[in-house]
Amino acid sequence: MKFLIAAVAVLLGANAAFAVGYRNIESSEARTLLAKKVAVYLLDVRTPEEYRQAHLTGAVLIPLNEMERRLGEIPKNRPVVVYCAVGSRSCLVADLLVRKGFREVYNVVDGIVGWYRHGYPMVR
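Conventions we followed
Residues numbered from 1 in each chain as written. Predicted model: local features only at pLDDT ≥ 70, side-chain atom pairs only at ≥ 80, totals over all residues. Heavy atoms only, no water. Buried < 20%, exposed > 50% of the residue type's maximum accessible area, 1.4 Å probe, protein only. Helix = DSSP H or I, 4+ residues; strand = E, 2+ residues; numbered from the N terminus. Arc of directions from axis to C-beta. Expected span 1.5 Å × (residues − 1).

Participant: I'd like to hear about helix α2 (residues 27-36), residue by residue, with values.
Facilitator: Those residues of α2 lying buried are Ser 27, Ala 30 and Leu 33. Each buried residue of α2 lies within a common arc of 115° when the element is viewed along its axis, so the set occupies one face. Opposite the packed face of α2, turned more than 90 degrees from it, sit the exposed residues Ala 35 and Lys 36.

Here you go:
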C-alpha cells in the first residue's frame, strides 16, 4: 500500500511539473532552439560578475535578485530561454515567468556549464 501511495505521489508530482508551463531543456537543445528561432529572448539570471566572466551571445542579464522588479523588461510575446550556471536559479525564474503569464518558457537544466562542456561558443 505504501508503494502505491508513493507511486501516485510521484505521478502527481510529474504531472504538476508539466502543468507548470515551462519546459526543461539541455544546452544542446537550447542551442538548436536559438539557431532556429530568431525571436527567442535569451535570459541570463546569474550575477553581474558571472556574466562578465562568460555569457551566451545575445543574452540579456537580469540577476535573480532583480527579477521581480525587472519583469516588465521581458517580452511576453516571444519564447524565453532562461539559463544560469547549472539550472537551479533558472528553474526558479522559469517558474516565476509562467506564473506571471509568460507562455513559452524554457529552462536550460545544465546551464552555461553544460554549454561550456559541449564546447559551444561564448562571449568572454
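Participant: Give a detailed account of helix α5 (residues 88-99), specifying residues and quantitative values.
Facilitator: Here α5 contains 12 residues, and its C-alpha end-to-end distance of 17 Å stays within 8% of the 16 Å for a straight helix at 1.5 Å per residue. Burial in α5 covers these residues: Ser 90, Val 93, Ala 94, Leu 96, Leu 97 and Val 98. Residue Gly 101 follows α5 closely and has a positive phi angle near 100°.

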